[in-house]
Amino acid sequence: MDVLTTPDTVQRWSGRRRKAGQRIAFVPTMGALHPGHLRLLEVAREHAGVVVVSIFVNPIQFNRREDFDSYPRPIDDDRRRCEEAGVDALFVPTAAAMYPHGFQTYVDPGPLGEPMEGTFRPGHFRGVATVVAKLFLSVRPDVAIFGEKDYQQLAIVRRMVIDLDLGIDVVGVPTVREPDGLAMSSRNRRLSPAGREAARCIPGALTAARDAVAGGAQRAAEVVAAVRKLVGDEPLARLEYAEVCHPTTLERVDLVAEPCVLALAVWIGDVRLIDNVRLDPP
Ligand code: AMP
């Protein structure tokens, strides 16, 4: 596995692979790799002969300094996991390599970046779109793999690829979960044992929402009320938002007449977790 640390070395590395006629799949991450990430690597391998992974805790997408500082960075473990997964190149740039002195050009998503995460993390998706665009232009992959866990992020990346004519296939991968249903996340390792127990209310709430819709509930407000109740019953959890939205425009939906997505963010102590579920009316 080649380990690369600057955009220009990645560009040259990828350029050589492309010239040799190889297809490149790219998996951007912030590290602290878990089985959810490893699933993305497997999907990448199904799509291309060459797999490139990036690990970069992107400072410009964090709106809370403590969250950035406390983000786990087990780089030696991550490197070993990538090697074991057969990754061809690992790109681990420094913040200075990505945002050198004088950096000032950003990618601003449109209305897709406004609701839900956009409301509670102002500037987050501007940071995400900017770093993903930069990573895409360094790696120049044929296909890029993203998790559905970060549903709004996936929708924004798909839109950006169209709007900026990037010519990359974006593949979404279903969320990988713990046996009790909690979505795997790098942030889970910051939960205390009691917090980890409390976090079970999240998959509980998503299941309740899905079951309510499958059982004929049509009003989004009713579905959100079920979520509010389940999270509200857990003393260590605080619901930041729960919203039923259209699967591609992310516009708020009042009636669940067609397939929709319920997305939520929950605080467990000082750890913020997001998740979502597809709602399919009967
Ligand atoms: P992150 O390192 O959290 O920025 O995530 C990197 C990529 O992995 C993103 O595309 C995430 O959506 C995806 N991802 C994170 N957790 C999961 C999961 N539990 N299942 C599937 N994909 C995931």
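Residues numbered from 1 in each chain as written. Predicted model: local features only at pLDDT ≥ 70, side-chain atom pairs only at ≥ 80, totals over all residues. Heavy atoms only, no water.

Tallying each qualifying case throughout the model produces eight aromatic pairs. Centroid distance Phe 62 to Tyr 71: 5.8 Å. Interplanar angle 75°. Geometry classified as edge-to-face. Comparing Phe 62 with Tyr 71, the two get one shared label, buried. Pairing Phe 103 with Tyr 106 gives two aromatic rings, centres 5.3 Å apart and planes at 85°, and the pair type is edge-to-face. What makes Phe 103 partly exposed here is its relative accessible area of 25%. One cation-aromatic arrangement involves Arg 73 over Phe 68; the distance from NZ or CZ to the ring centre is 4.7 Å. (Phe/Tyr/Trp six-rings, centres within 6.5 Å; stacked < 30°, edge-to-face > 60°. Buried < 20%, exposed > 50% of the residue type's maximum accessible area, 1.4 Å probe, protein only. Lys NZ or Arg CZ within 6 Å of the ring centre and 35° of its normal.)

On to the sheet that holds strand β9 (residues 271–279). Judged by pairing direction, the sheet is antiparallel, and its three strands sit side by side in the order β7-β8-β9 without closing on themselves. For this open sheet the edge positions go to β7 (237–245) and β9, each flanked by a neighbour on one side alone. Each adjacent strand pair in this sheet contributes to an overall mean axis angle of 15°, direction not counted. As judged from the nine bridges shared by strand β8 (residues 260–268) and β9, these two strands associate in the antiparallel manner. Looking at the pairing, Ala 265 lines up with Ile 274 of β9. The strands touched by helix α10 (residues 201–214) within the sheet are β7, β8 and β9, with β9 carrying the most contacts at an inclination of about 20°. Of the strands in this sheet, β7, β8 and β9 are in contact with helix α11 (residues 220–232), which crosses β7 at around 160°. (Pairing = 2+ DSSP bridges. Helix = DSSP H or I, 4+ residues; strand = E, 2+ residues; numbered from the N terminus. Axes fitted to C-alpha atoms, helices over the stretch in contact; angles between N-to-C directions. Contact = heavy atoms within 4.5 Å.)

Moving on, we come to the pattern of salt bridges. Here the idea is simple: oppositely charged side chains can pair when their charged atoms come close. The tally for this structure, following the rule as stated, stands at 24 salt bridges. Among the ionic pairs, Glu 46 bridges to Arg 39, the shortest N-O distance being 4.0 Å. What makes Glu 46 exposed here is its relative accessible area of 58%. Between Glu 117 and Arg 272 there is a salt bridge; the shortest N-O distance is 2.8 Å. With Glu 117 in helix α6 (residues 117–120) and Arg 272 in strand β9, this pair connects stretches of sequence that are 155 residues apart. Of the two residues, Glu 117 and Arg 272, both sit in the buried class. Taken together, the salt bridges that share partners define one network made up of Asp 180, Arg 196, Glu 197 and Arg 200. (Salt bridge = Lys/Arg side-chain N within 4 Å of Asp/Glu carboxyl O.)

Let us look at the sheet that holds strand β4 (residues 89–91). The strand order across the open sheet built from six strands is β1-β4-β3-β2-β5-β6, with neighbouring strands paired in parallel fashion. Single-partner strands in this sheet number two, and they are β1 (2–4) and β6 (169–173). Ignoring which end each strand starts from, the neighbouring axes of this sheet average 25° apart. Examined bridge by bridge, strand β5 (residues 143–147) and β6 share five bridges and lie parallel to one another. Pairing of Gly 147 across the sheet is with Val 173, part of β6. Taken strand by strand, helix α4 (residues 75–84) contacts β1, β3 (50–55) and β4, and its axis lies near 170° from that of β3.

Once that is clear, we can look at the environment of Val 176. Its place among the elements puts Val 176 in the loop between β6 and α9 (193–198). Dropping the residues within four chain positions of it, Val 176 is found in contact with Pro 35, Gly 36, Arg 39, Ala 183 and Met 184.

Now for the nonpolar core. Within the largest apolar cluster, 41 residues are counted, with the highest numbers of intra-cluster contacts made by Val 52, Val 132, Phe 136 and Phe 146. Ranked by residue count, the leading element in this core is helix α7 (residues 124–139), at nine residues. Sequence-distant contacts of Val 132, defined by excluding residues within four places in its chain, comprise Phe 146, Val 157 and Met 160. Core analysis: the second largest hydrophobic core is formed by 31 residues, Cys 201, Ala 209, Val 223 and Val 244 among them. (Core = buried A, V, L, I, M, F, W, Y, C linked by side-chain atoms within 4.5 Å.)

The next subject is empty space enclosed by the protein. Using the criterion set out here, one finds two cavities of 30 Å³ or more in the structure. Taken as a whole, the largest cavity encloses approximately 60 Å³ of empty space. In terms of lining residues, the largest cavity is bounded by Met 116, Glu 117, Lys 149, Tyr 151, Gln 152, Tyr 241, Ala 263, Leu 264, Ile 274, Asp 275 and Asn 276. Elements that contribute at least two residues to the lining of the largest cavity include exactly α8 (151–163), β8 and β9. Of the residues forming the lining of the largest cavity, the biggest block, three residues, is contributed by β9. Its residues assigned to classes, the lining of the largest cavity comprises six nonpolar, two polar and three charged. There is about 50 Å³ of room inside the second largest cavity. In terms of lining residues, the second largest cavity is bounded by Lys 149, Leu 182, Ala 183, Ser 185, Asn 188, Ile 202, Leu 273, Ile 274 and Asp 275. The element contributing the most residues to the lining of the second largest cavity is β9, with three residues. (1 Å grid on protein atoms, 1.4 Å probe; cavity = no way out; pocket = protein on both sides within 12 Å on 5 of 7 lines; lining within 4 Å. Points joined across faces, edges and corners; volume = space filled by probe spheres on them. Nonpolar A, V, L, I, M, F, W, Y, C, P; charged D, E, K, R; others polar.)

Keep in mind these numbers describe shape, not what the thing actually does.
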